[in-house]
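Chain by chain, the residues:
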Amino acid sequence: MGKSSVFHASFFIVVLMLITGCAGTYVTKPIYSQEGFHLEEVQQISLLLPVDSRFDKKENIDLKKIQGKCSDMIKKKAYQVLEVPVNQGVKIDEDDLKSGNQVFIKNICAAGTSRYVMLVNILDVSTKLTFGSTGNAEVSGYIFDKDSGVAIWHHKGIGQVGQGGLLGMLMKSSMDNEAVMVALHNLFSSIPLQKDFKKNK
Amino acid sequence: MMILNPNLSTKLIKCNSMFRLILIMVGLFFCSGQVFCLESGLQEKIKGISPNAVVVLLSPDLKFESVVDESSIDPAFFDSEKLDSLCIGEAKNAVIKNNSQLRIIDKGNAVRTSYEVLLLSLKPFSGQLAAGKINQDALSVFRKISALNNESFVLAHDLYAKIGPGGYWNPGTGGIASTSSISRYRIALIRCLTGDVVWKSEEYIRQVPSYKSSKFIRFIKFSYGESNQK
């Protein structure tokens, strides 16, 4: 096979991928996923009100609004989401979540109504004004099995946004939201499409 | 003899009282600054401790982690020994400066004393203690320390740094980003007899820890109330 035919074949494959949307279904590998557990088989997820465990709480964030955004992103992958509007009732920080203490996890999950309970933890949100403006956000997410009291999925998402120049300086007030959205998008990129995605669509 | 215009003299009196008012305000501003600088919570607590007391100073728990995937980073990459010395040095300063009669026990002078083993047994809990979380295992060590000296305190501290991707500038699109690294320093002073947290502090700085950085050194001093600027 000549060089030109290889080039034509690879060009054809790339065009085909773009047309069929293969590039859009890319799923990143989560930091942790329980062995043998298939997230795509889960039908329903209870989404708790996000936890704010930032060191720096200068930026105002709306946890309810973030919960809504998370819910929309998960629903797009064909999972049923039940938003739990109340606080978890226990003080939570990232160290406690990482510790994997079953009693602690069961306490958190108590508010959830379905077997699989998701918690999003906001770890950092910041904006900076330079010649332009920037925004950074860091979030982590956990899915717990309420019955066994263990984490079955865990991932992190970071968002770095910014725009230089005078226009960028005017955009500073929106940088925190932008960064949070990018971080959430990166967090949920490791959640696969629900197995009935095409059927539900 | 110079005779002043009555209008001018009234104006001068008004100016004088304004000047006094400004002087008083400036004076009050500086006084409040001094009070803030000298009377941080830890300094008050240290001053109130009995001169016979012992302060057991733990080595700081240094933890470095990647923001992206939570993988731990070897603290040696950040000159952990120097950072360790910086934190211990500032902790000692804060104690000695405010109560010079107190005896400080740390890894340097605990060798071949009864405290050596106790210091080692508290090492795994250093981070938890700095957060003011005291478990049963730590409490049992506290009891042993209290048996050596009834008036004993433990000063625990931890430095946790999340190392994130750096900033960038894309001249093509005008897109820019700032680094997302952040460091947190926590300190807790605990009374061994009761296991009560007498004082605790938690401060952060948007910077990678560095013993060479004057900004970072100032931040550690600020955490102990030794500087009024982060």
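Here is what the cut-offs are and how they apply
Residues numbered from 1 in each chain as written. Chains lettered and ligands numbered in written order. Predicted model: local features only at pLDDT ≥ 70, side-chain atom pairs only at ≥ 80, totals over all residues. Heavy atoms only, no water. Helix = DSSP H or I, 4+ residues; strand = E, 2+ residues; numbered from the N terminus. Buried < 20%, exposed > 50% of the residue type's maximum accessible area, 1.4 Å probe, protein only. Contact = heavy atoms within 4.5 Å. Areas by Shrake-Rupley, 256 points an atom, 1.4 Å probe, with all protein chains shown as cover. Phe/Tyr/Trp six-rings, centres within 6.5 Å; stacked < 30°, edge-to-face > 60°. Lys NZ or Arg CZ within 6 Å of the ring centre and 35° of its normal. Patch = residues over 30% accessible without salt bridge, like charges linked within 9 Å, V, L, I, M, F, W, Y side chains within 5 Å. Salt bridge = Lys/Arg side-chain N within 4 Å of Asp/Glu carboxyl O. Disulfide = S-S within 2.5 Å. Buried area = accessible area lost by both parts, 1.4 Å probe. Nonpolar A, V, L, I, M, F, W, Y, C, P; charged D, E, K, R; others polar. Core = buried A, V, L, I, M, F, W, Y, C linked by side-chain atoms within 4.5 Å. pLDDT = per-residue confidence, 0-100.

### Here we look at the overall build of chain B
(1) Moving on: Of the regular secondary structure elements, chain B holds seven helices and nine strands.
(2) Moving on: A total of 230 residues make up chain B; the buried ones form 44% of that total.
(3) Moving on: The contacts of chain B with a sequence gap of at least 6 include a subset with a gap of at least 24, amounting to 65%.
(4) Moving on: Per element, the accessible surface of chain B, about 12600 Å² overall, is 59% carbon and sulfur.

### Concerning the packing of aromatic side chains
(1) Moving on: Following the criterion strictly, the structure yields six aromatic pairs over all chains and no others.
(2) Moving on: Relative to Tyr160(B), the ring of Phe55(A) lies with its centre 6.2 Å away and its plane at 75°, an arrangement referred to as edge-to-face. Placement of Phe55(A) in the loop between β3 (51-52) and α2 (63-75) and of Tyr160(B) in strand β5 (residues 152-163) is noted, with the two residues assigned to different chains. Side by side, Phe55(A) and Tyr160(B) carry an identical accessibility label, which is buried.
(3) Moving on: Pairing Phe64(B) with Phe78(B) gives two aromatic rings, centres 4.6 Å apart and planes at 5°, and the pair type is stacked. Taken together, the positions of Phe64(B) in strand β2 (residues 61-66) and Phe78(B) in the loop between β3 (72-73) and α3 (80-98) put the pair 14 residues apart, joining distant regions of the chain.
(4) Moving on: A relative accessible area of 17% means that Phe78(B) is categorised as buried.
(5) Moving on: One Lys or Arg, Lys162(B), reaches over the ring of Phe55(A) and ends 5.1 Å from the middle of that ring.

### A word on a nonpolar patch on the surface
(1) Moving on: On the surface, a cluster of nonpolar side chains totalling about 330 Å² of accessible area is made up of Leu167(A), Leu170(A) and Met171(A).
(2) Moving on: Inspection of the secondary structure assignment puts Leu170(A) in helix α5 (residues 165-170).

### A closer look at the state of the cysteines
(1) Moving on: Tallying each qualifying case throughout the model produces zero disulfides over all chains.
(2) Moving on: Sulfur of Cys70(A): no disulfide; nearest cysteine sulfur belongs to Cys109(A) and is 16 Å away.

### Focus on the pattern of salt bridges
(1) Moving on: As enumerated under the stated definition, the model contains 14 salt bridges over all chains in all.
(2) Moving on: The shortest N-O distance in the salt bridge between Arg206(B) and Asp124(A) comes to 2.8 Å. Of this pair, Arg206(B) sits in the loop between β9 (196-205) and α7 (214-223) while Asp124(A) sits in strand β5 (residues 116-130), on two different chains.
(3) Moving on: Note on Asp124(A): relative accessible area 3%, which makes it buried.

### Some details on the interface of chain A and chain B
(1) Moving on: On the chain B side, the residues contacting the 29 residues of chain A number 27 residues.
(2) Moving on: Taken together, the two surfaces of chain A and chain B that pack against each other cover about 2100 Å², and 44% of this comes from carbon and sulfur.
(3) Moving on: The tally of links between chain A and chain B comes to six salt bridges.
(4) Moving on: For the side of chain A that touches chain B, the secondary-structure elements that each account for two or more residues are α3 (94-99), β5, β6 (132-145) and β7 (150-164) of chain A.
(5) Moving on: Among the elements that line the side of chain A that touches chain B, the one with the most residues is β7(A), at eight residues.
(6) Moving on: Residues that form the side of chain A that touches chain B fall into these classes: seven nonpolar, eleven polar and eleven charged.

### Digging into the nonpolar core
(1) Moving on: Of all hydrophobic cores here, the largest spans 32 residues; its most connected members are Leu155(B), Tyr185(B), Leu189(B), Phe216(B), Ile220(B) and Tyr224(B).
(2) Moving on: If you tally residues by element for this core, the top one is α3(B), at seven residues.
(3) Moving on: Non-local contacts of Leu155(B), meaning those with residues more than four positions away in its chain, are made with Val55(B), Val56(B), Leu57(B), Leu58(B), Ala91(B), Val95(B), Ile187(B), Ala188(B), Leu189(B) and Tyr224(B).
(4) Moving on: In this structure, Val120(A), Ile122(A), Val125(A) and Ile152(A) belong to the second largest nonpolar core, which totals 30 residues.

### Focus: unusual backbone geometry
(1) Moving on: A positive phi angle is found at Ala78(A), which is not glycine, with a value near 75°.
(2) Moving on: Within the secondary structure, Ala78(A) is located in the loop between α2 and β4 (80-83).
(3) Moving on: You can call Ala78(A) buried: its relative accessible area is 15%.
(4) Moving on: In the Ramachandran plot, Arg112(B) falls in the positive-phi region, its phi being about 60° despite a non-glycine side chain.
(5) Moving on: In this structure, Arg112(B) sits in the loop between β4 (103-105) and α4 (115-122).

### A look at the confidence of the model for chain A
Residue and element names in this part refer to chain A.
(1) Moving on: In the predicted model, chain A carries a mean pLDDT of 86, and 84% of its residues have values of at least 70.
(2) Moving on: Taken element by element, the predicted model of chain A shows its lowest mean pLDDT in helix α1 (residues 3-20) (54) and its highest in α2 (96).
(3) Moving on: The model gives residues 16-24 a pLDDT under 50, and that stretch makes two contacts with residues more than four places away or in other chains.

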